[in-house]
Amino acid sequence: GAVVSQHPSRVICKSGTSVKIECRSLDFQATTMFWYRQFPKQSLMLMATSNEGSKATYEQGVEKDKFLINHASLTLSTLTVTSAHPEDSSFYICSARQGRGNQPQHFGDGTRLSIL
Amino acid sequence: GENVEQHPSTLSVQEGDSAVIKCTYSDSASNYFPWYKQELGKRPQLIIDIRSNVGEKKDQRIAVTLNKTAKHFSLHITETQPEDSAVYFCAASPYGQNFVFGPGTRLSVLP
């Protein structure tokens, strides 16, 4: 149980392109979904938290107009990197949590984004 | 806000030996402490977690201890195997709030 699917797993595209990443909870309803960015050999940096049907809460320093998050249902959240540039190249991972209490987050497989 | 430190950053052990990773946290309101294992290029996977009403939890070769007074918690892996090699992250979270992850420990189990 508690499977999170993230697509695509890898994206290579030209500078200026917008890229959409999907995160789905397959066998549970995710009250909250999280988006992280991970640089090589570093920890998970939280970008934003989203609750179904409401606006995402962004961490300090994360541009909400650059990283658009939509959490349209209890099983789907999307992250769109708008007008991506080489400095946006990174490993993006989503996670989902069921309920609001002390529950684990279940992670997707991540998306490796490379902007040329 | 919460700040989580983790030590050591790298750890090498011989197969069969034990490995211990320690984390400290700063926010006394934190009451949930999960540990994740991440293999290269893969998703972090929950391996064990502990809540603040418990001092120790064990699952086969893995155990976690929590000292609320000192604000630190530790991961113990016994009888290490090569497949235990990975990066391990601790995290701390006040009730229902976001996780704050430690910087990670790269564990290498040498055959």
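Structure's up top.
Our subject in this report is the structure included herewith. (Residues numbered from 1 in each chain as written. Chains lettered and ligands numbered in written order. Predicted model: local features only at pLDDT ≥ 70, side-chain atom pairs only at ≥ 80, totals over all residues. Heavy atoms only, no water.)

1. Regarding the overall build of chain B
For step 1, the next point in the chain: A tally of regular secondary structure across chain B gives zero helices and eleven strands.
For step 2, the next point in the chain: Along chain B, from the amino end to the carboxyl end, the secondary structure elements read β-β-β-β-β-β-β-β-β-β-β.
For step 3, the next point in the chain: A compact globule built from 111 residues would reach a C-alpha radius of gyration of about 13 Å, and chain B, at 13 Å, matches this within 12%.
For step 4, the next point in the chain: The dimensions of chain B, computed from C-alpha atoms along their principal axes, are 40 × 30 × 20 Å.
For step 5, the next point in the chain: Put simply, chain B has 111 residues, and 46% of those count as buried. (Helix = DSSP H or I, 4+ residues; strand = E, 2+ residues; numbered from the N terminus. Rg over C-alpha atoms; globule rule 2.2 N^0.38 Å. Buried < 20%, exposed > 50% of the residue type's maximum accessible area, 1.4 Å probe, protein only.)

2. Overview of the side chain of T80(A)
For step 1, the next point in the chain: Its place among the elements puts T80(A) in strand β8 (residues 76-81).
For step 2, the next point in the chain: Classification of T80(A) by relative accessible area gives buried; the value is 17%.

3. Description of the sheet that holds strand β3 (residues 19-25) of chain A
Residue and element names in this part refer to chain A.
For step 1, the next point in the chain: Strands sit in the order β1-β3-β8-β7 across an open sheet of four strands; the sheet is antiparallel. The strands lining the two open edges of the sheet, one partner per strand, are β1 (4-7) and β7 (67-73). Averaged over all pairs of adjacent strands, the angle between their axes in this sheet comes to 15 degrees, without regard to strand direction. (Pairing = 2+ DSSP bridges. Axes fitted to C-alpha atoms, helices over the stretch in contact; angles between N-to-C directions.)

4. Overview of the side chain of T32(A)
Residue and element names in this part refer to chain A.
For step 1, the next point in the chain: Structurally, T32 can be placed in strand β4 (residues 32-38).
For step 2, the next point in the chain: A polar contact of 2.7 Å, which involves the side chain of T32, links it to the side chain of N51.
For step 3, the next point in the chain: Not counting residues within four places of it along the chain, the set of residues in contact with T32 comprises T49, S50, N51, H71, S95, A96, R97 and R100. (Polar contact = N/O pair within 3.5 Å; in protein donor to acceptor, adjacent residues only side chain to side chain. Contact = heavy atoms within 4.5 Å.)

5. Describing the pairing of strand β5 (residues 44-51) of chain B
Every other side chain in a regular strand lies on the same face of the sheet, so the side chains alternate between the two faces.
For step 1, the next point in the chain: Examined bridge by bridge, strand β4 (residues 30-38) of chain B and β5(B) share seven bridges and lie antiparallel to one another. Looking at the pairing, Y36(B) lines up with L46(B) of β5(B).

6. Focus on the state of the cysteines
For step 1, the next point in the chain: As enumerated under the stated definition, the model contains two disulfides over all chains in all.
For step 2, the next point in the chain: The disulfide that involves C23(A) links it to C94(A), with 2.0 Å between the sulfurs. Given an S-S torsion of about 80 degrees, the disulfide between C23(A) and C94(A) has right-handed geometry. In this pair, C23(A) is assigned in strand β3 and C94(A) in strand β9 (residues 90-97), connecting sequence segments 71 residues apart.
For step 3, the next point in the chain: With a relative accessible area of 0%, C94(A) lands in the buried category.
For step 4, the next point in the chain: Here C23(B) engages in a disulfide with C90(B); their sulfurs sit 1.9 Å apart. What sets the handedness of the C23(B) and C90(B) disulfide is the S-S torsion sign, and at about -100 degrees it is left-handed. In this pair, C23(B) sits in strand β3 (residues 19-25) while C90(B) sits in strand β9 (residues 86-94), placing the two residues 67 residues apart along the sequence.
For step 5, the next point in the chain: Since its relative accessible area comes to 1%, C23(B) is described here as buried.
For step 6, the next point in the chain: Among the residues examined, C90(B) registers a relative accessible area of 0% and is labelled buried. (Disulfide = S-S within 2.5 Å.)

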